[in-house]
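Chains, contacts and geometry: an overview
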Amino acid sequence: MTPDWPEVVRRVDDHAWARDITDHVRADFDRWQPGLVIPGPATPTAWTHHYFCDDDGSALTFAPDSPHRHVCASCGRVYRGEPWDGAWRTTVHNCVAAQAQRAALVLRLSPEPAQRERARAALERIFATYTRDYPAYQPHGVHAGRGRVQPQSLDEAVWAVLLLRALRWAGPDALSAGTRAALPRFARAVADLLRPQISAIHNIHCWLLAAVAECAALLADRELLDWCRDGEFGARAQIARGFHAEGLWFESNAHYHYYAVAALLSYREATGPDGLDQDSAARLSRAVSAPPRLAYSDTRLPAYGDGWPDCWTADFAPHAEAAWTLLPERPVDPAPYYRVPRPGPVRLWGGADLPGGVGVLGPRRSVAALVFGPDELVSPPGDDERSLVWPEAGVAVLRSDRARLTLRFGPDGGWHDHRDKLAVDAETAGGWQSLDLGTSGYGARFTAWMRSPVAHNLMICDGRRQPAHTGRLLHASEHRVSAQSAWDGHTLRRTLQLADDGWTDVFEAEAPATGLLEWVFHGDGAFAPGAGHPALLTDDGPDQDASDRDALGQDAGSASTAAGGSPRDPEHDTGHGWLREVRRLPVPADRRLTGAWDAAGSPVLELDVPQGFVAYAAVADGNPTGLPLGVVLLRGRARRARIEARFRLPDRP
């Protein structure tokens, strides 16, 4: 689909928000143009997931003029050499593709002839360089296929989509005759590299399809376009098999959900109406509309599995804006994505957050809104406060005016799944939250903690991660949900029940033999034992010596090693070793432990501790809210256990 440029020009003339986007794109184009050097084929690129700090999981700060010094944005630790230099080169290639999109927009929308000429020159330099040098970049990659310019097939595909979209937007006349003549060879080489790697239902393969479809459109290759649509892992199959009936992508988190959606919208943009049938278009439209219903009250989206914790509904407004035009069979209303706006720089239309813009716009600040969206939002921003259950996706959300709870029980999400069936996340109307931690860069050691069982609100059996499996919904109603998870003789059942003063959480476990069972729950703030609202709590301190207080930490190494790995092996790390300030809590004679977290809105926890179980409190890092993560853990050896937790909220004023 070619954008309706006269209509975009009219929108810029008639609407201040569209003029703001255009003005900022023009300014960003001029800011990035000097000194943007395309890395040559002599040195390979590297995975951008290495561009994160080992110590705290924060992203390293990308500086386009600093190819050999990379600084953690949080702690200031400096990294030098490979793979960080290679990840920097990957990001520069993405910056070049982003600049191509800006240049195309400037060429179409700038009123200044001199700036349009600079944009034309930028496009010529970019495409002349890549079409000339592409064969010299050596195929390489170890994590997700192979790329040439980029370190894997996924990055290669996203980069190619950005470039070829920019060319389609600018029109072929933007380039010299010599560069235009080289384009078919370039497109065929990209397609020949990526097409054989399309072999699964997966977000990566959606992007490979989008890139091959862009190549096929440039080449006017009808046979290749049909293959992209109808092949075993073509677009129709990706949509039919990748999205659950409720609209959620199978990889279980918002980040990869929208990553797949962006790829499939990009595919539709490249192919036009023939790229999807009516049923596929309707299912893709549902995929854009569904996720805001899972958002917390502040519009943060849950970071399940390998999701990024700093993830907000408004961040994905560009997808809804693009779907408005790209899915005319069932246009998506972007308004629900703006319930809590996120002002910031212009968002380009692409596959990932790209370094680039400066300045603050809001709320409609995306190129997708400018090029594809409606002139005005057609309805007020929505706020759906109902409970819901999605049986196929395996998500149940309970809502009252005082609390929001989610229980997840669905099928395994593949490599990005954290193996945390029956995990719960929660928030209170007072602002206290117990969130899924999500992930950091996959190459960072800190990710071992974020993927570990102890980092989730779970029952852990024998100090091991769960195997891949599917849970089962037992009951769901407006205020109660119950689900089961079973594997290798272990059976876990969890029931959540909303009440006027909070909620109850009952976890039942049965194992094939007596073994180690651990119940974990965490939330905002440090946890302290006491008998009332957090303001009334007193901390009398632990009642045992240092060796007892350290027992949980000492067990961490043995638990991980018994599972076959080291304490910081991402696949086998139980998570205990990442806890600090560990202390054993005194359990009263009636076995009812009471306490609360020292953060606003915290419920009072009343926890029935089974005989033979020991209670611990600890603190950990990685809480998406930025507050300390207060962890409560019960540990005991048993074949069966029933742990009832009551979360009581303060009396209404």
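Per chain, the residues get numbers from 1 upward, laid out in the order the sequence is written. Where totals are concerned, whole chains, interfaces and linings use all residues; where local detail is concerned, this predicted model gives features only for residues with pLDDT of at least 70, and gives and counts side-chain atom pairs only at 80 or more. Hydrogens and water are ignored here; the side-chain numbers use all heavy atoms of the structure.

1. Details of the overall build of the chain
Counting from the N terminus, the helices are DSSP H or I runs at least four residues long and the strands are E runs at least two residues long. A count of helical and extended segments in the chain gives 16 helices and 19 strands. Here the C-alpha radius of gyration of the chain, 26 Å, is about what a compact globule of 653 residues would show, namely 26 Å. In terms of principal-axis extent, the alpha carbons of the chain reach across some 85 × 50 × 45 Å. Looking at the chain residue by residue over its 653 residues, the buried ones come to 60%. Considering the chain, the positive charge centre built from 69 side chains and the negative charge centre built from 83 side chains are found 3 Å apart. As defined in this context, the radius of gyration uses C-alpha atoms, and a globule is described by 2.2 Å times the residue total to the power 0.38. Here the term buried applies to any residue with accessible area under 20% of the maximum for its type, exposed to any over 50%, and partly exposed to those in between, with areas from a 1.4 Å probe on protein chains only. Only four residue types enter the tally: Lys and Arg on the positive side, Asp and Glu on the negative side; His and the chain ends are excluded. A charge is said to be at NZ when it belongs to Lys, at CZ for Arg, at CG for Asp and at CD for Glu.

2. Thoughts on the environment of Glu-581
With respect to the element layout, Glu-581 can be found in strand β15 (residues 580-585). You can call Glu-581 exposed: its relative accessible area is 55%. Through-space distance from the C-alpha of Glu-581 to that of Val-619 is 5.9 Å; in sequence the pair is 38 residues apart.

3. Some words on the pairing of strand β7 (residues 424-428)
Within β7, five of the five residues are buried, which leaves it mostly tucked inside the rest of the structure. Burial along β7 is two-sided: the face carrying Val-424, Ala-426 and Thr-428 and the face carrying Asp-425 and Glu-427 are both buried. A pair of strands is labelled paired if DSSP reports no fewer than 2 bridges between them. Here five bridges tie strand β6 (residues 403-408) to β7, and the two strands are oriented antiparallel to one another. Paired with Thr-406 across the two strands is Asp-425, which belongs to β7. Judged from the two bridges that link them, β7 and strand β8 (residues 433-434) form a sheet pairing that is antiparallel. Looking across to β8, one finds that Ala-426 is bridged to Ser-434.

4. Notes on the side chain of Glu-246
Within the fold, Glu-246 resides in the loop between α9 (235-242) and α10 (254-271). Here Glu-246 is buried and forms no salt bridge, its nearest opposite-charge partner Arg-283 lying at an N-O distance of 7.5 Å. Here a polar contact is taken to be a pair of N or O atoms separated by no more than 3.5 Å, where protein atoms must pair a possible hydrogen donor with a possible acceptor and residues adjacent in sequence count only if both atoms sit in side chains. From its side chain, Glu-246 meets the backbone nitrogen of Ala-393 in a polar contact 3.2 Å long. Excluding its chain neighbours within four sequence positions, the residues that come into contact with Glu-246 are Arg-286, Ala-290, Trp-390, Pro-391, Glu-392 and Ala-393. Any Lys or Arg side-chain nitrogen located within 4 Å of an Asp or Glu carboxyl oxygen qualifies as a salt bridge. Between two residues, a contact is recorded if the distance between any of their heavy atoms is within 4.5 Å.

5. Digging into the sheet that holds strand β5 (residues 395-399)
Taken in spatial order, the five strands of this open sheet run β4-β5-β6-β7-β8, and their pairing is antiparallel. Two strands bound the open sheet, and with one partner strand each, they are β4 (388-390) and β8. Pairing of β5 with β6 involves five bridges; the strand directions are antiparallel. Of the residues in β6, the one forming a bridge with Leu-398 is Leu-405.

6. Digging into the packing of aromatic side chains
In this description, an aromatic ring pair is defined by two values, namely the gap between the centres and the angle between the planes. For Phe, Tyr and Trp, where Trp contributes only its six-membered ring, two rings pair if their centres lie within 6.5 Å, and the inter-plane angle classes them as stacked under 30 degrees, edge-to-face over 60, or tilted in between. Taken as a whole and judged by the stated rule, the model has 25 aromatic pairs. Both rings, one in Phe-52 and one in Trp-308, keep their centres 5.5 Å apart while their planes meet at 10°; by these two values the pair is stacked. Residue Phe-52 is found in the loop between α2 (16-32) and β1 (60-61), and its partner Trp-308 is found in the loop between α11 (278-289) and α12 (317-326); the two are separated by 256 residues along the sequence. Judged by relative accessible area, Phe-52 falls into the buried class, the value being 14%. The class for Trp-308 is buried, based on a relative accessible area of 19%. Residues Tyr-134 and Trp-159 carry aromatic rings whose centres are separated by 6.1 Å and whose planes lie at 10° to one another, so their mutual orientation is stacked. You can see Tyr-134 sitting in the loop between α4 (113-133) and α5 (153-170) and its partner Trp-159 sitting in helix α5, a full 25 residues away along the chain. In terms of burial, Tyr-134 and Trp-159 fall into one category: buried. An aromatic cluster of three or more residues is present, and its members are Trp-432, Trp-503, Trp-519, Phe-521, Phe-527, Trp-597 and Phe-647. Whether a charge sits over a ring depends on NZ of Lys or CZ of Arg being within 6 Å of the ring centre and within 35 degrees of the ring normal. In this arrangement the basic side chain of Arg-451 is found over the ring face of Trp-415, its NZ or CZ atom lying 4.6 Å from the centre.

7. Describing the packing of α4 against α5
Two packed helices can be described by the angle between their axes and the distance between those axes. Geometry is summarised by axes, namely lines fitted to C-alpha atoms with helices restricted to the contacting stretch, and by angles between N-to-C directions that run from 0 to 180 degrees. Running from amino to carboxyl end, α4 crosses α5 at an angle of 135°, the nearest separation of the two axes being 12 Å. Relative to α5, the element α4 is oriented oblique. Remark: the crossing between α4 and α5 carries left-handed chirality. For the pair α4 and α5, the contacting residues are Leu-123, Ile-126, Phe-127 and Tyr-130 in the first and Trp-159, Leu-163, Leu-167 and Ala-170 in the second. Considered class by class, the residues forming the contact of α4 with α5 number eight nonpolar, no polar and no charged. If an angle is under 35 degrees, it is roughly parallel; if it is over 145, roughly antiparallel; if it lies from 65 to 115, roughly perpendicular; otherwise it is oblique. Note: crossing handedness is left-handed where the near helix turns anticlockwise from the far helix by less than a right angle, and right-handed where it turns clockwise. Nonpolar residues are Ala, Val, Leu, Ile, Met, Phe, Trp, Tyr, Cys and Pro. Charged residues are Asp, Glu, Lys and Arg, and all others, Gly as well, are polar.

8. Concerning the pairing of strand β11 (residues 480-487)
For β11, a buried count of six out of eight residues is recorded, marking the element as mostly surrounded by other parts of the structure. Judged from the four bridges that link them, strand β10 (residues 472-476) and β11 form a sheet pairing that is antiparallel. Bridged to Ala-476 within β11 is Val-481. Adjacent in sequence and paired antiparallel, β10 and β11 are bridged by three residues. With antiparallel pairing between neighbouring strands as the criterion, β11 and strand β12 (residues 490-499) make up a hairpin whose turn holds two residues, including Asp-488 at a positive phi of roughly 45°.

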